[in-house]
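Structural overview
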Amino acid sequence: MKNLKIIPIIFTCFVIFSCSDDFVDVDSEDRNSEDFFNSEKDYQDALAAAYDYLQATARFVQWAEVASDNTLAGGEKADDTPALQQIDDFKHSAVGQFGGGTLGEMMSWMFEAVNRCNYIMEFQDKTEFSNKTSVIAQTRFLRAYYYFILVTWWGDMPLAIDKRIQFGDQFDIDRTPKAEIYALIEQDLIFAAANLPYVQNETGRVTKGAAEALLGKAYLYQDKFQEAATVLESLIDNGPHRLLTSLEYPNLFERDWENNIESVFEIQYSDVDGGSFECFTCLEGNYTSFFNGPRGFVDSTGQFDAGYSFNVPVPAVVDRAFSESGDLRLEYTILDIEQWIADNPDSSYDETAGFEQTGLFNRKIMARLGDLNNSDPALTNPDNYRAIRYADVLLMAAEALNRGGISDARAQGYLNEVRQRAMLPDVATTGDNLTRDIWDERHAELFGEGHRFFDLVRTGQAATVLGPLGFQTGKHELFPIPNEEIVLTGNRWANNPGY
């Protein structure tokens, strides 16, 4: 990671159920007592290891986009990354989700991440030092972030508070109702927000604003509109963030503008070579970026790199999201490859390569040229991911104020801040019409950033929007737990409905 140095420490076999061979072969000597957590450096090293799993969340962004109506899976051919192709067609099941390149692998990453946080919390009282409250606050934010991913993707999950779940515990631990997981998320983020500054001395570390934004988001996902409005408006009123101007907006997703004033929480990447496709959890580069670009692309402008042509936008959905004339965001959200070639005739790409190609690409997350280490561009792309932007905060606050019946006037104000930046006229709607305007604005503003599927699910729009694509109400709101994982619990768990 940039600025915040990540140390990929593996303390024990952290995968609670499906330990890969890499972890099984690790010396599992427990470093719990005498030889660790004896100094601030030990705690900081453990915290860096907990931060490390943020980089593994890149895949979640791409797969969430494909699960929505925004994009098709794409790739080289119809069986390229089968689990992703199945999600695109809403044909994913609990079978075949065990091992690399699957939802099961992604779930195991997040449990490993939670365990790294709980390792610190388990020994939070062992050694005193002046900066420990900040370390604990950052740890609790990270635990909340990882649990938020788990609960939104899989619903009820095993819950561990201040202790690790270790291999063997699966025979005695149940899936905890998601309401209890949300309760822990809230507690962790309230603590983090109370004990972190708005500006950290080291770029990449969690801030008070990040904790407030994620807390507001967690409240919104539970329809706790008053609580969401309160915390989000506190961030708006007191935090250091603002929207980039219309003139600055074209730079928002560029490498030279990382960690800008609009970025509330940004996941840091670097060009360090992670080694291989079997080691996503030890890479430092943004895996998603290279997977989003056109195959065989040679860009004469020197701005973009080629890619693997996954996650390709659907033209009809793009047209719907950006239906208002003059929307500044369209050009910097979507790259129309044919238009790009026409405007830059020395550029070229392989128009015969790729599956489900629409000629459109996700410009926000396409690989930019200029990697310092090109040993494997799919693993060494240093472009950061803006996980929570201030525009998202404004739109979440607007939704909470409107749907909570608190203040349509304030909701309009926040919504119109985002629209004005996009060079669009103000809206003056109220009630349900304002709700729809806010949801439509979220679609345009956050297109390509991994939020659309969960917005549709949490607001009850998924059946209408995704039903024609194969979405089944009562099933596809959540993703399946691999059958192999359930067997490893002694069939203690039931799978999510429909799987």
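What you are looking at is a predicted structure, and each value in this text was computed from that prediction instead of being measured.

1. Some thoughts on the overall build of the protein
Broken down by element type, the protein carries 19 helices and 6 strands. In the protein, which comprises 499 residues, the proportion classed as buried is 62%. Sequence-distant contacts in the protein: of pairs separated by 6 or more residues, those separated by 24 or more amount to 73%. Carbon and sulfur atoms provide 49% of the accessible area of the protein, an area that totals close to 18,300 Å².

2. Structural notes on empty space enclosed by the protein
Following the criterion strictly, the structure yields 5 cavities of 30 Å³ or more and no others. Tyr145, Ile149, Lys217, Gly450 and His451 are the residues nearest the centre of the largest cavity, which is lined by 20 residues in total. Elements represented by at least two residues in the lining of the largest cavity include exactly α3 (58-67), α6 (132-154), α8 (208-221) and β6 (385-389). Among the elements that line the lining of the largest cavity, the one with the most residues is α6, at 5 residues.

3. What about a negative patch on the surface?
Together, Asp336, Glu338, Asp350 and Glu351 give the surface a local cluster of negative charge. Along the chain, Glu351 turns up in the loop between α13 (337-343) and β5 (360-362).

4. A closer look at the nonpolar core
Counting residues in hydrophobic clusters, the biggest one holds 124 residues, and the most contacted among them are Phe141, Trp153 and Trp154. Those residues in contact with Phe141 that lie beyond four places of it in its chain are Leu189, Ala192, Val206, Ala210, Ala211, Leu214 and Phe265. Ranked by size, the runner-up nonpolar core spans 11 residues in total, among them Phe297, Val312, Trp340 and Tyr349.

5. A word on helix α5 (residues 103-122)
Look at α5: 28 Å from first C-alpha to last across 20 residues, which is about the 28 Å you get at 1.5 Å a residue. For α5, a buried count of 19 out of 20 residues is recorded, marking the element as mostly surrounded by other parts of the structure.

6. Observations concerning the packing of aromatic side chains
Counted by the stated rule, this structure contains 28 aromatic pairs. Relative to Phe265, the ring of Tyr145 lies with its centre 5.2 Å away and its plane at 70°, an arrangement referred to as edge-to-face. Taken as a pair, Tyr145 in helix α6 and Phe265 in strand β2 (residues 263-267) lie far apart in primary sequence, 120 residues in all. Across this residue pair, the class does not change: Tyr145 and Phe265 are buried. Taken together, a centroid distance of 5.1 Å and an interplanar angle of 65° make the contact between Phe148 and Tyr221 edge-to-face. Here Tyr221 lies in helix α8 and Phe148 lies in helix α6, a separation of 73 residues in the sequence. Among the aromatic side chains, those forming a connected cluster through ring pairs are Phe36, Phe37, Tyr43, Tyr119, Phe123 and Phe129. The ring of Phe191 is capped by Arg140, whose NZ or CZ atom sits 4.7 Å from the centre of that ring. One cation-aromatic arrangement involves Lys208 over Tyr198; the distance from NZ or CZ to the ring centre is 5.8 Å.

7. A few points about the pattern of salt bridges
Side chains that carry opposite charge are capable of pairing whenever their charged atoms lie near each other. Here the structure, examined in full by the defined rule, presents 36 salt bridges. Arg403 is the salt-bridge partner of Asp223, the closest N and O atoms lying 3.9 Å from each other. Here Asp223, found in the loop between α8 and α9 (225-238), pairs with Arg403, found in helix α14 (residues 390-403); they are 180 residues apart in sequence, far enough to count as distant. Looking at Arg403, the relative accessible area reads 26%, which means it is partly exposed. One salt bridge connects Arg458 with Asp455, and the closest N-O pair in it is separated by 3.0 Å. With Arg458 and Asp455 both in helix α17 (residues 452-458), this residue pair falls 3 residues apart, about one helical turn.

8. Comments concerning the confidence of the model for the protein
Looking at the protein, pLDDT values average 91 and 90% of them are 70 or higher. Model confidence for the protein, summarised as mean pLDDT per element, is weakest for helix α1 (residues 21-24) at 28 and strongest for α14 at 99. A low-confidence stretch, residues 276-281 (pLDDT under 50), is modelled with 15 contacts involving residues beyond four sequence positions or located in other chains.

9. Some words on unusual backbone geometry
Backbone geometry places Asp223, a non-glycine residue, at a positive phi of 60°. One non-glycine residue, Asn311, lies in the positive phi region at around 60°. Assignment of secondary structure puts Asn311 in strand β3 (residues 310-313). Classification of Asn311 by relative accessible area gives buried; the value is 1%.

10. Some words on the packing of α3 against α5
Between α3 and α5, whose axes approach to 11 Å, the crossing angle comes to 140°. The orientation of α3 relative to α5 falls into the category oblique. The way α3 lies across α5 gives a crossing that is left-handed. Two secondary-structure elements touch here, α3 through Arg59, Phe60 and Trp63 and α5 through Leu103, Glu105, Met106, Trp109 and Met110. Classifying every residue of the contact of α3 with α5 by side-chain character gives 6 nonpolar, no polar and 2 charged.

11. Focus on the packing of α3 against α6
Taken N-terminus to C-terminus, the directions of α3 and α6 make an angle of 25°; their axes are 13 Å apart at the nearest point. In terms of axis orientation, α3 runs roughly parallel to α6. Handedness of the α3/α6 crossing: left-handed. Residue-level inspection shows Phe60, Trp63 and Ala64 of α3 in contact with α6, the latter providing Ile149, Trp153 and Trp154. Here the contact of α3 with α6 is composed, by residue class, of 6 nonpolar, no polar and no charged.

12. Things to note about the pairing of β2
A regular strand places its side chains on the two faces of the sheet in alternate fashion. Most of β2 sits out of view: 5 of its 5 residues are buried. Summarising the sheet, β2 and β6 pair through 4 bridges and their orientation is antiparallel. Opposite Ile267, over in β6, you have Tyr385 as the bridge partner.

Reading the values: rules and limits
Residues numbered from 1 in each chain as written. Predicted model: local features only at pLDDT ≥ 70, side-chain atom pairs only at ≥ 80, totals over all residues. Heavy atoms only, no water. Helix = DSSP H or I, 4+ residues; strand = E, 2+ residues; numbered from the N terminus. Buried < 20%, exposed > 50% of the residue type's maximum accessible area, 1.4 Å probe, protein only. Contact = heavy atoms within 4.5 Å. Areas by Shrake-Rupley, 256 points an atom, 1.4 Å probe, with all protein chains shown as cover. 1 Å grid on protein atoms, 1.4 Å probe; cavity = no way out; pocket = protein on both sides within 12 Å on 5 of 7 lines; lining within 4 Å. Points joined across faces, edges and corners; volume = space filled by probe spheres on them. Patch = residues over 30% accessible without salt bridge, like charges linked within 9 Å, V, L, I, M, F, W, Y side chains within 5 Å. Salt bridge = Lys/Arg side-chain N within 4 Å of Asp/Glu carboxyl O. Lys, Arg positive; Asp, Glu negative; His and termini not counted. Charge placed at Lys NZ, Arg CZ, Asp CG, Glu CD. Core = buried A, V, L, I, M, F, W, Y, C linked by side-chain atoms within 4.5 Å. Expected span 1.5 Å × (residues − 1). Phe/Tyr/Trp six-rings, centres within 6.5 Å; stacked < 30°, edge-to-face > 60°. Lys NZ or Arg CZ within 6 Å of the ring centre and 35° of its normal. pLDDT = per-residue confidence, 0-100. Axes fitted to C-alpha atoms, helices over the stretch in contact; angles between N-to-C directions. Parallel < 35°, antiparallel > 145°, perpendicular 65-115°, else oblique. Left-handed = near helix turned anticlockwise from the far one by under 90°. Nonpolar A, V, L, I, M, F, W, Y, C, P; charged D, E, K, R; others polar. Pairing = 2+ DSSP bridges.

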